[in-house]
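Listed below, chain by chain, are the residues.
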Amino acid sequence: IASVIASWTDDGVDGAVGVAPGVTVMPVKVLDGDNAGYEVDLLDALAWATEKDAQVINMSLSFGEGYILSVALDQALADAAESGAVLVAAAGNNGASFVTYPAAHREVIAVGAGRLHSADKMKVPDYSNVHPRVDLLGAGGDISLDKNNDGVVDGILAETITLQDASTAQYVLYAGTSQATAVVSAASAWLLADGVHPDAVRHVLQRTAIQPNGGIDLAKGTGSGCVDIAGALASVTD
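Sequence order as written defines residue numbering, which begins from 1 separately in each chain. Note on the predicted model: pLDDT of at least 70 is required for a residue's local features to be given, and 80 or more for side-chain atom pairs to be given and counted; whole-chain, interface and lining totals, by contrast, use all residues. The side-chain numbers reported here are obtained from all heavy atoms of the structure, hydrogens and water having been left aside.

Ring geometry is summarised as follows: Phe, Tyr and Trp rings, the Trp one being its six-membered ring, pair when their centres sit within 6.5 Å, and such pairs are stacked at plane angles under 30 degrees, edge-to-face over 60 and tilted between the two. For the structure shown, the criterion picks out two aromatic pairs. Taking 4.1 Å as the distance between ring centres and 10 degrees as the angle between the ring planes, the aromatic pair formed by Phe63 and Tyr67 counts as stacked. One exposure class covers both Phe63 and Tyr67, and it is buried. The interplanar angle of 65 degrees and the centroid separation of 5.8 Å between the aromatic rings of Tyr67 and Tyr101 together place this pair among those described as edge-to-face. Taken together, the residues Tyr67 in the loop between strand E1 (56-59) and helix H3 (71-82) and Tyr101 in the loop between strand E2 (86-90) and strand E3 (108-118) connect sequence positions 34 residues apart. Taking the relative accessible area as the measure of exposure, Tyr101 reaches 23% and is therefore partly exposed. Among the aromatic residues, those joined into a ring-pair cluster are Phe63, Tyr67 and Tyr101. A cation over a ring is seen here: Lys52 above Trp48, with NZ or CZ 4.5 Å from the ring centre. Buried means the residue's accessible area, taken with a 1.4 Å probe over protein chains only, is under 20% of the maximum for its type, while exposed means over 50%, and partly exposed covers the values in between. In this description a helix means any DSSP run of H or I spanning at least four residues, a strand means any run of E spanning at least two, and both kinds are numbered starting from the N terminus. Any Lys NZ or Arg CZ that is within 6 Å of a ring centre and within 35 degrees of that ring's normal is treated as a charge sitting over the ring.

Below, the structure written as structure tokens:
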């Protein structure tokens, strides 16, 4: 996820290049080696990131469908937003009509996934949760497809530590609302760098989003559409 956000190369061509290459990343561990964690872990992470003045808090994680928002997490997210951080979280990969927490929180940009549909259109993949609470779609990919017929599955390219060998790295293609969240977090970083106030980031991204295939249907849960960083930055300039 950090690679999707921030990876960079000397020539800008070879290797995985993130959406906001070279942006400063503050890694805060919430999940364990089995991708599991507890609410208290997220509370601690939010407190740490807020204390250290994080400008964007990427939460490529989610609680299960039955989770009920606690007073503690409600307050922690509100405090983080009050500190000036832009909060971004994954809507979930259940292929269902609901949004998981923390994405469902009022202070958080809830991100669903988009996948390639044609050369200039995206579509919501079957795994992405959809709901009126979804704010935006980010590029989440779909490793079961090769819509552009380039011989490579349509995943989101990133670089990560090789499984069982922390001394080496490898390129990977993943898909999910976690990847989509990273894209929207990186887009938020671009806007903040361009002088957009944190409270306005969600509005600018939504206002300039590109309609997915079939158009915008808020009732069906595709949000305002697919994030368009170039369009968002041009909007700010205008």
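In this section: the packing of helix H4 (residues 177-193) against helix H6 (residues 229-237). Fitted lines through C-alpha atoms give the axes, limited to the stretch in contact for helices. The angle between two N-to-C directions lies from 0 to 180 degrees. Taken N-terminus to C-terminus, the directions of H4 and H6 make an angle of 20 degrees; their axes are 10 Å apart at the nearest point. With respect to H6, the axis of H4 lies roughly parallel. Note that H4 runs across H6; the crossing there is right-handed. Judged by residue contacts, Ala187, Trp190 and Leu191 of H4 engage Ile229, Ala232, Leu233 and Val236 from H6. Partitioned by chemical class, the residues of the contact of H4 with H6 number seven nonpolar, no polar and no charged. For classification purposes, angles smaller than 35 degrees are called roughly parallel, those larger than 145 roughly antiparallel, those between 65 and 115 roughly perpendicular, and all remaining angles oblique. With the far helix as reference, a near helix turned anticlockwise by less than a right angle produces a left-handed crossing, and one turned clockwise produces a right-handed crossing. Contacts are residue-level and defined by heavy atoms, with any inter-residue pair within 4.5 Å sufficient. In this count, Pro and Cys sit with the nonpolar residues alongside Ala, Val, Leu, Ile, Met, Phe, Trp and Tyr, while Asp, Glu, Lys and Arg are called charged and the others, Gly among them, polar.

Along the chain, His105 turns up in the loop between E2 and E3. Overall, His105 belongs to the buried group, its relative accessible area being 1%. For the purposes of these results, a polar contact is taken to be a pair of N or O atoms within 3.5 Å, where, inside protein, one atom must be able to donate a hydrogen and its partner to accept one; residues adjacent in sequence count only when each atom of the pair is a side-chain atom. A polar contact of 2.6 Å, which involves the side chain of His105, links it to the side chain of Asp74. Within the structure, the side chain of His105 is placed 3.0 Å from the backbone nitrogen of Glu107, a separation counted as a polar contact. In contact with His105, other than residues within four places in its own chain, are Leu69, Asp74, Leu77, Ala78 and Arg133.

As a packed pair, helix H2 (residues 39-51) and H3 sit with axes 10 Å apart at the nearest point and diverge in direction by 20 degrees. Considering their axes alone, H2 and H3 lie roughly parallel with respect to each other. Regarding H2 and H3, the two cross each other, and that crossing is left-handed. Residue-level inspection shows Glu39, Leu42, Leu43, Leu46 and Thr50 of H2 in contact with H3, the latter providing Ala72, Leu73, Ala76, Leu77, Asp79 and Ala80. Among the residues forming the contact of H2 with H3, the class breakdown is eight nonpolar, one polar and two charged.

Turning to unusual backbone geometry, a few remarks are in order. Most peptide bonds take the trans configuration, and most residues that are not glycine carry a negative phi. Geometrically, the link from Tyr101 to Pro102 is a cis peptide bond, its omega value of 10 degrees lying close to zero. With respect to the helices and strands, the residue Pro102 is situated in the loop between E2 and E3. We note that Asp53 has phi near 65 degrees; this positive angle belongs to a residue other than glycine. Within the secondary structure, Asp53 is located in the loop between H2 and E1. The exposed category is assigned to Asp53, whose relative accessible area is 65%.

Here a cavity denotes grid points, spaced 1 Å and computed from the protein atoms alone, that fit a 1.4 Å probe unable to get out, and a pocket denotes an open set having protein on both sides within 12 Å along at least 5 of 7 lines; residues with an atom within 4 Å of a point are the lining. Grid points are joined across faces, edges and corners, and a volume is the space filled by probe spheres set on the points. The volume enclosed by the second largest pocket comes to roughly 390 Å³. Every residue lining the second largest pocket is counted, 21 residues in all, and those nearest its centre are Arg115, Leu116, Met122, Ala139 and Ile156. Elements that contribute at least two residues to the lining of the second largest pocket include exactly E3, strand E4 (121-123) and strand E5 (136-139). Taken together, the residues of the lining of the second largest pocket break down into eleven nonpolar, six polar and four charged.

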